[in-house]
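Observations on the model geometry
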Amino acid sequence: MTAEELRQKLAFYRDLGIEEIYRRPVTAVPSPAEKPLVEKASVIDTITSPAIPAAPAVLPQESEIISPTTVNPAVFQPAPEVPSLPREIAPPVSVQKPQEIVAVVPEGSPVGTPKPSFELPPLHPAGDSMLQIRQDIGEDCRRCRLCEGRTNLVFGSGNEKSPLVFVGEGPGADEDEQGLPFVGRAGQLLTQMINNTTEKEGIPIKRDDVYICNVVKCRPPDNRAPQPDEMEICGQFLSRQLSVIQPKAIVTLGATASKALLNMKEGITKARGKWHKWQDVPVMVTYHPSYLLRNQSKELRREVWEDLKAVFHFVYDK
Ligand code: URA
């Protein structure tokens, strides 16, 4: 390949919004330098309602919902075709169609006829249910490398018929140990964020009344962010969970979950506080509670408070 051809391919990826090209096989172990920030705060600072004037409930108007590219094709829809790449440059996101993912080519397979080591169930099977999704994931899911460090798979918790779903990034150590989402420090802050907002706003809803889950169901090692292929594989189960629940609104917590669910070009700071769309469902993007634990800024908390207030009124006001 000439330098010019390579330059054109890299420009193609930049146009897709892919800024980093991985030069190693997907099974590579991330170096310590790649680890994301770990929650550092030692104390959970109770989130309290900032002293702001009560605003009337603002429901998202159709024109306020950012909709043109609602679903991240890399995660939930067949991805666009990509020209063949030089052998040493693998795309950061698998471009295979969801049902055709080939994780391992069994030894001895004739070249050109790789056999999938597993098959994902249909993306949205008829008569789907949460039980069916859980069964399809299986007791010992080994579809991606996250299974290697997992103690418990974290499917989700709360009211499966809730009109409101919170989506996080992936389980941490406490969640992995208990098999439940958002039970560690970030989870306790999320509980406070939900319960304090609803209480102050006079909405009779508690954390247990909403549904909470993550993009990936198994803990990424060292609390690193899930990698694109891990999100692509597990994202199909999230997509099915959301399709079964059919919530009135979704809250994505943090940049990773927001980018996984939405075709979001902008960063979290710009995207938060606005209504986006996943399929036809309004999605509010807000900060991840871990970010609030790391950054004790009152302004950030006020912003999350505003985001949740808008969501709860939109979902629960008669
Ligand atoms: N962070 C997440 O994104 N999800 C959890 O379940 C816990 C922490």
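A brief structural summary. (Residues numbered from 1 in each chain as written. Predicted model: local features only at pLDDT ≥ 70, side-chain atom pairs only at ≥ 80, totals over all residues. Heavy atoms only, no water.)

The next thing to look at is the site of the ligand. Taken together, Gly-168, Glu-169, Gly-170, Pro-171, Glu-175, Pro-181, Phe-182, Asn-214 and His-288 are the residues near the ligand. The separation between an oxygen atom of the ligand and a polar main-chain atom of Phe-182 is 3.0 Å. Contacts to the ligand include His-288, whose side-chain N or O atom sits 2.8 Å from an oxygen atom. For the ligand, whose accessible area on its own is 230 Å², the fraction buried by protein is 94%. (Near = heavy atom within 4 Å. Polar contact = N/O pair within 3.5 Å; in protein donor to acceptor, adjacent residues only side chain to side chain. Areas by Shrake-Rupley, 256 points an atom, 1.4 Å probe, with all protein chains shown as cover.)

We now examine the pairing of strand β5 (residues 275–278). Residue alternation in β5 divides its side chains into two sets, Trp-275 and Lys-277 and His-276 and Trp-278, and both sets are buried. Here four bridges tie β5 to strand β6 (residues 281–286), and the two strands are oriented antiparallel to one another. Across the sheet, Lys-277 pairs through a bridge with Pro-282, a residue of β6. In sequence, β5 turns back onto β6 through a hairpin of two residues, with Gln-279 there showing a positive phi of about 50°. (Buried < 20%, exposed > 50% of the residue type's maximum accessible area, 1.4 Å probe, protein only. Helix = DSSP H or I, 4+ residues; strand = E, 2+ residues; numbered from the N terminus. Pairing = 2+ DSSP bridges.)

Okay, the pairing of β6 next. The buried fraction of β6 amounts to six of the six residues, a majority that puts the element mostly inside the structure. Side-chain alternation along β6 places Val-281, Val-283 and Val-285 on one buried face and Pro-282, Met-284 and Thr-286 on a second face that is also buried.

What follows is about the sheet that holds β6. Taken in spatial order, the six strands line up as β1-β3-β2-β4-β6-β5 in an open sheet, and their pairing is mixed. Strand pairing shows two members of the sheet lacking a second neighbour, β1 (157–158) and β5, which therefore form its edges. As defined by bridge partners, strand β4 (residues 249–253) adjoins β6 across four bridges and the pair is classed as parallel. Looking across to β6, one finds that Thr-252 is bridged to Val-285. Against the sheet, helix α10 (residues 298–316) contacts β2 (164–168), β4, β5 and β6, and its axis sits at roughly 160° relative to β6. (Contact = heavy atoms within 4.5 Å. Axes fitted to C-alpha atoms, helices over the stretch in contact; angles between N-to-C directions.)

Take the packing of helix α5 (residues 185–201) against α10 next. Here α5 crosses α10 at 60°, and the two axes come no closer than 10 Å. The angle between α5 and α10 places the two elements in the oblique class. When you trace α5 past α10, the crossing you get is right-handed. Along the contact surface, α5 presents Leu-189, Met-193, Ile-194, Asn-196, Thr-197, Thr-198, Lys-200 and Glu-201, while α10 presents Arg-301, Val-304, Trp-305, Leu-308, Lys-309, Phe-312 and His-313. Split by residue class, the contact of α5 with α10 holds seven nonpolar, four polar and four charged. (Parallel < 35°, antiparallel > 145°, perpendicular 65-115°, else oblique. Left-handed = near helix turned anticlockwise from the far one by under 90°. Nonpolar A, V, L, I, M, F, W, Y, C, P; charged D, E, K, R; others polar.)

With that out of the way, let us pick up the nonpolar core. In terms of nonpolar packing, the biggest core is built from 63 residues, with Leu-164, Phe-166, Val-167 and Phe-312 touching the most fellow members. Of all the elements, α10 adds the most residues to this core, at nine residues. In contact with Leu-164, not counting residues within four places along its chain, are Val-210, Tyr-211, Pro-247, Ala-249, Ile-250, Val-251, Val-311, Phe-312, Val-315 and Tyr-316. (Core = buried A, V, L, I, M, F, W, Y, C linked by side-chain atoms within 4.5 Å.)

Evaluated as defined, the whole model comprises four aromatic pairs. Considering the side-chain rings of Phe-312 and Tyr-316, the 6.1 Å spacing of their centres and the 20° angle between planes classify their relative orientation as stacked. Here Phe-312 and its partner Tyr-316 are both found in helix α10, four residues apart, which amounts to about one turn of the helix. Tyr-316 shares its class with Phe-312; the two are buried. Aromatic rings pair up to connect Phe-166, Phe-312 and Tyr-316 into one cluster. A cation sits over an aromatic face here: Lys-248 above Phe-314, 5.3 Å from the ring centre. (Phe/Tyr/Trp six-rings, centres within 6.5 Å; stacked < 30°, edge-to-face > 60°. Lys NZ or Arg CZ within 6 Å of the ring centre and 35° of its normal.)

The next subject is empty space enclosed by the protein. Under the definition given, this model contains three cavities of 30 Å³ or more. Put simply, the largest cavity is a space of about 120 Å³. Taken together, 16 residues line the largest cavity, and the ones lying closest to its centre are Cys-141, Arg-143, Cys-144, Cys-218 and Cys-234. A total of four residues in the lining of the largest cavity trace back to one element, the largest contributor, which is helix α6 (residues 228–245). In the lining of the largest cavity, the residues fall into 11 nonpolar, no polar and five charged. (1 Å grid on protein atoms, 1.4 Å probe; cavity = no way out; pocket = protein on both sides within 12 Å on 5 of 7 lines; lining within 4 Å. Points joined across faces, edges and corners; volume = space filled by probe spheres on them.)

This is a description of form; function is not addressed.
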